[in-house]
Amino acid sequence: MTDSINDFSPLEQHLLNDYQRDMSLSATPYADMAKQLDVSEEKVLETIQSLQDRGVISRVGPVFRPNKIGVSTLAAMAIPKQDLECVARIISAFPEVNHNYEREHEYNLWFVVTASSAEHLDIVLHEIEQHTEYPLMSLPMLDDYFIDLGFQLKASATK
Amino acid sequence: MKGQDMNPQDKTSQDPAMNATDLNKQVLQITLEDRALIKAVEHGLPVTSRPYAEIARQLGTSEQDVIARLQQLTDKGAIKRYGVVVRHKELGYTANGMVVWDVPDDRVEELGMCIGKYSCVTLSYRRPRRLPDWSYNLFTMVHGSDRDEVAKKVEDIVNECGLQDIEHTILFSTRRFKQRGASYAQGNTETRPKTMKPKTRAAAKLRLIKNADKP
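Nothing here was measured: the structure is a model prediction, and the numbers come from that model.

**Quick look at the overall build of chain B**
- Counting its secondary structure elements, chain B contains nine helices and five strands.
- The linear arrangement of helices and strands in chain B, starting from the amino end, is α-α-α-α-α-α-β-β-α-β-β-α-β-α.
- Per-residue burial over chain B gives 27% buried out of 215 residues.
- Taking contacts inside chain B between residues at least 6 apart in sequence as the whole, the part at least 24 apart equals 62%.

Listed below in structure tokens is the structure:
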């Protein structure tokens, strides 16, 4: 189920919009938010937990830069329709796979594979080909032109 | 004018070969202790009053040590962003289009930066071509409330960045099988339990069929 942005309370909108980056590395990050938003820490904890339980946010914490503490690649496969679900499940079962999407194209399955070293990555890619019995195309990132400022909600948070 | 900038040779030139050594070059040396810390935080902080104290307990260290080492990882450039990680679909951005562009090699950076500036864009990466199967070398992610909006935004980007002569295509996502934070901390593949996944596609298919029978 998809929520519209207007379904979120003002507090939720602030938590979603204002803390996607530069969250303080203090011992009490949620109390810091509470102070800034003039609500209780309990209310912040409760609201974040609820957003997390509803799947609106996947987590609170660090987003690691690609290819700094591990290596990753974007992989694409062209899978016949009747095998797609099955192949997608095999791929999602790998702990090294963190995004796995069906897309409308001849290459219809796209996923990101992350590992602690390039050697480990190669082994996983090879295993995926073996287990699914389809070839994959690996497209590692060569350059990043995007400065990640988080993702702004369309409607500005109401005060 | 844009057309004159394009050198047809650029389009056919080979991208730099990516191999294990190239990828490893960018990777920071991470201690075992930091790997354990990364593993403890990569899927999110505990939602409790003192999250770092809880992580410290798991790792058998102090709260100050956890915070100091996360600060070091940030300073070393290992952390790109720190905070709330939202899932776009649940925020009403139901359409996301991976827009791929076949850009002359000498203009990838310039155009990648131009596209990366838009607020509806969340990624702008250069990736290798895989000729003859795949000729696109710039990957951008464009979000919108529906497909028409994404297509409209892409049109705006084409006009404003002057991409009329650059071949592109939009790959809309139709299903999300998995979305979660990257897992950097798992051990070697040799130590991973093989029982986690079926050995072959045939076995997985069998399991799907069996599960489908269940009420």
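So much for the structure itself; the text now carries on.
**Looking at the sheet that holds strand β3 (residues 121-126) of chain B**
- If you trace the nine strands from one edge of the open sheet to the other, you get β5(A)-β2(A)-β4(A)-β3(A)-β5(B)-β2(B)-β4(B)-β3(B)-β6(A), paired in antiparallel fashion. Of all strands in the sheet, those with a lone pairing partner are β5 (137-139) and β6 (143-144) of chain A, marking the two edges.
- Taken together, the seven bridges between strand β2 (residues 95-102) of chain B and strand β4 (residues 138-144) of chain B define a ladder with antiparallel strand orientation. Within the sheet, the bridge partner assigned to Ala95(B) lies in β4(B) and is Gly144(B).
- Here helix α5 (residues 118-132) of chain A sits on the sheet and contacts β2 (71-77), β4 (109-115) and β5 of chain A; the angle it forms with β4(A), its principal contact strand, is near 145°.

**Some details on the domain arrangement of chain B**
- Domain annotation of chain B identifies domain 1 (25-75) and domain 2 (88-172).
- Between the C-alpha centres of domain 1 of chain B and domain 2 of chain B the distance comes to 34 Å.

**Details of the packing of helix α4 (residues 32-41) of chain B against helix α5 (residues 51-59) of chain B**
Residue and element names in this part refer to chain B.
- In the contact formed by α4 and α5, the axes pass within 11 Å of each other and the chain directions differ by 130°. Judged on the interaxial angle alone, α5 and α4 are oblique. In the packing of α4 onto α5, the handedness of the crossing is right-handed. Of the residues in α5, those in contact with Ala36, Leu37, Ala40 and Val41 of α4 are Ile55, Gln58 and Leu59.
- Among the residues making up the contact of α4 with α5, the classes are represented as six nonpolar, one polar and no charged.

**Things to note about the confidence of the model for chain A**
- Residue-level pLDDT values for chain A average 88, and 88% of them are 70 or greater.
- Across residues 155-159 of chain A, where pLDDT falls below 50, the model places eight contacts with residues more than four positions away in sequence or in other chains.

**Focus: the nonpolar core**
- Within the largest apolar cluster, 31 residues are counted, with the highest numbers of intra-cluster contacts made by Leu15(A), Ile48(A), Ile57(A), Val84(B) and Val86(B).
- For this core, the elements supplying multiple residues, two or more each, are α1 (10-18), α2 (29-37), α3 (41-53) and β1 (57-64) of chain A together with α4, α5, α6 (63-75) and β1 (79-86) of chain B.
- In terms of residues, this core owes the most to one element, β1(B), which gives five residues.

**What to know about the confidence of the model for chain B**
Residue and element names in this part refer to chain B.
- The predicted model of chain B averages 80 in pLDDT, with 70% of residues at 70 or higher.
- In the model of chain B, helix α2 (residues 8-12) stands out as the element of lowest mean pLDDT, 38, in contrast to α5, which has the highest, 97.
- In the model, residues 1-17 has pLDDT below 50 throughout and makes 17 contacts with residues more than four positions away in sequence or in other chains.
- Below pLDDT 50 for its whole length, residues 193-198 participates in nine contacts with residues either more than four positions away or in separate chains.
- In the predicted complex, the global pTM is 0.72; the interface-specific ipTM is 0.74.

**As for α5(A)**
All names here are of chain A.
- Across its 15 residues, α5 extends 21 Å between first and last C-alpha, which sits within 8% of the 21 Å expected from 1.5 Å per residue.
- Within α5, burial applies to Ala118, His120, Leu121, Val124, Ile128, His131 and Thr132. One side of α5 carries all its buried residues, which in axial view fall inside an arc of 155°. Turned more than 90 degrees off the buried face of α5, the exposed positions are His126 and Gln130.
- A positive phi of about 65° marks Glu133, the residue just after α5.

About the criteria used
Residues numbered from 1 in each chain as written. Chains lettered and ligands numbered in written order. Predicted model: local features only at pLDDT ≥ 70, side-chain atom pairs only at ≥ 80, totals over all residues. Helix = DSSP H or I, 4+ residues; strand = E, 2+ residues; numbered from the N terminus. Buried ≥ 20, exposed ≤ 12 C-beta atoms within 10 Å, placed from the backbone. Contact = placed C-beta atoms within 7 Å. Pairing = 2+ DSSP bridges. Axes fitted to C-alpha atoms, helices over the stretch in contact; angles between N-to-C directions. Domains from an automatic or database assignment. Parallel < 35°, antiparallel > 145°, perpendicular 65-115°, else oblique. Left-handed = near helix turned anticlockwise from the far one by under 90°. Nonpolar A, V, L, I, M, F, W, Y, C, P; charged D, E, K, R; others polar. pLDDT = per-residue confidence, 0-100. Core = buried A, V, L, I, M, F, W, Y, C linked by C-beta atoms within 7 Å. Expected span 1.5 Å × (residues − 1). Arc of directions from axis to C-beta.

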